[in-house]
Amino acid sequence: MKDLSVNKTYGTFTSDSEVRFQRLLPGPIETVWEYLTDSEKRGTWLASGTMELKVGGKVELNFLHSSLSDEKTYPERFKEMENGISGVETITAIDAPRFLSFTWHPNSEVSFELQEKGEDVLLTLRHYKLVDEFGKLMVSSGWHTHLDILVSKLYKESVPKFWQTFAHHESIYHETLKSIVKK
């Protein structure tokens, strides 16, 4: 039996401006890479959109959270996202199928590193250049929720309700960030 406890762990704040997540996913590595780079597959857990797979290439991100789970209602504070939101980012580094990094609105960056672990793939996601507490809270809660959906998609499990899961993770990251600030 595989130890999948890494798939339940919370992100680690590795510095004042970075959060890191790790998830063990079923391989092969090419399948996981497709879930990062293919618009249709990425759209099932994060955001659809074209991606030019080269340094300087554009990454279109079309978020429609209601398409990620069977939960269709949005919390009042996120109602402006109900019909979707979009952005265009830029690839800063790529080494297919092992590494991808791109800008993230407004001034941060996200990277995905894939390492083969037997038949599985260890995904390490780093989001860095985070400058304020609210951004850290939204990024950590959001990535954790999106990764929960990716894990369930790849393991063919039921998909958690996006906003319900986000709210749960947000409360935990809020407490985590409060304890870090106090130190």
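Procedures and definitions
Residues numbered from 1 in each chain as written. Predicted model: local features only at pLDDT ≥ 70, side-chain atom pairs only at ≥ 80, totals over all residues. Heavy atoms only, no water. Helix = DSSP H or I, 4+ residues; strand = E, 2+ residues; numbered from the N terminus. Buried < 20%, exposed > 50% of the residue type's maximum accessible area, 1.4 Å probe, protein only. Contact = heavy atoms within 4.5 Å. UniProt positions renumbered as here; feature names shortened; annotations may be inferred. Polar contact = N/O pair within 3.5 Å; in protein donor to acceptor, adjacent residues only side chain to side chain. Pairing = 2+ DSSP bridges. Phe/Tyr/Trp six-rings, centres within 6.5 Å; stacked < 30°, edge-to-face > 60°. Lys NZ or Arg CZ within 6 Å of the ring centre and 35° of its normal. Axes fitted to C-alpha atoms, helices over the stretch in contact; angles between N-to-C directions.

**Here we look at the environment of Leu150**
Among the secondary structure elements, Leu150 is positioned in helix α3 (residues 133-154). Relative accessible area serves as the criterion here: at 1%, Leu150 is assigned to the buried category. Measuring from C-alpha to C-alpha, the distance between Leu150 and Ile85 comes to 20 Å, with 65 residues separating the pair along the chain. When neighbours within four sequence positions are excluded, Leu150 is seen to be in contact with Leu25, Tyr35, Trp45 and Leu123.

**What about the UniProt feature "domain: Activator of Hsp90 ATPase homologue 1/2-like C-terminal" (unreviewed entry) in the chain?**
The residues that UniProt annotates with the feature "domain: Activator of Hsp90 ATPase homologue 1/2-like C-terminal" (unreviewed entry) are residues 28-152. In residues 28-152, helix accounts for 26% and strand for 34%; the two terminal C-alpha atoms are 16 Å from one another.

**Remarks on the side chain of Ser152**
With respect to the secondary-structure elements, Ser152 resides in helix α3. Here the side chain of Ser152 touches Asp148 through a polar contact of 2.8 Å, landing on its backbone oxygen. The residues touching Ser152, leaving out its near neighbours within four places in the chain, are Glu157, Ser158, Val159 and Pro160.

**Thoughts on the pairing of strand β5 (residues 99-104)**
Side chains on a regular strand alternate between the two faces of the sheet. Direction of pairing for strand β4 (residues 85-95) relative to β5: antiparallel, over a ladder of 4 bridges. Bridging across to β5, Ala93 finds its partner in Ser101. Connecting the antiparallel pair β4 and β5 is a turn made up of 3 residues. Between the antiparallel neighbours β5 and strand β6 (residues 108-117) lie 3 residues.

**Quick look at the packing of aromatic side chains**
Scanning the entire structure with this criterion turns up 14 aromatic pairs. A centroid spacing of 5.2 Å and a plane angle of 65° characterise the contact between Tyr10 and Tyr173, whose relative ring orientation is edge-to-face. Here Tyr10, found in the segment before β1 (12-15), pairs with Tyr173, found in helix α4 (residues 162-182); they are 163 residues apart in sequence, far enough to count as distant. Linked through ring pairs, Phe63, Phe102, Trp104, Phe112 and Trp143 together constitute an aromatic cluster. The side chain of Arg126 reaches across the aromatic face of Tyr128, ending 4.4 Å from its centre.

**A few points about the sheet that holds strand β7 (residues 120-128)**
With antiparallel pairing, 7 strands are arranged side by side in an open sheet as β1-β2-β7-β6-β5-β4-β3. Every interior strand has two partners, whereas the edge strands, β1 and β3 (58-63), have only one. When strand polarity is set aside, the average angle formed by the axes of neighbouring strands in this sheet is 30°. Here β1 runs beside strand β2 (residues 18-26); their pairing, made up of 3 bridges, is antiparallel. Note that in β2 the partner of Ser15 across the bridge is Glu18. Sitting on the sheet, helix α1 (residues 29-37) touches β2, β4, β5, β6 and β7, and the angle it makes with β6 is about 165°. Where α3 meets the sheet, it contacts β1, β2, β3, β5, β6 and β7, and its direction lies at approximately 5° from that of β2.

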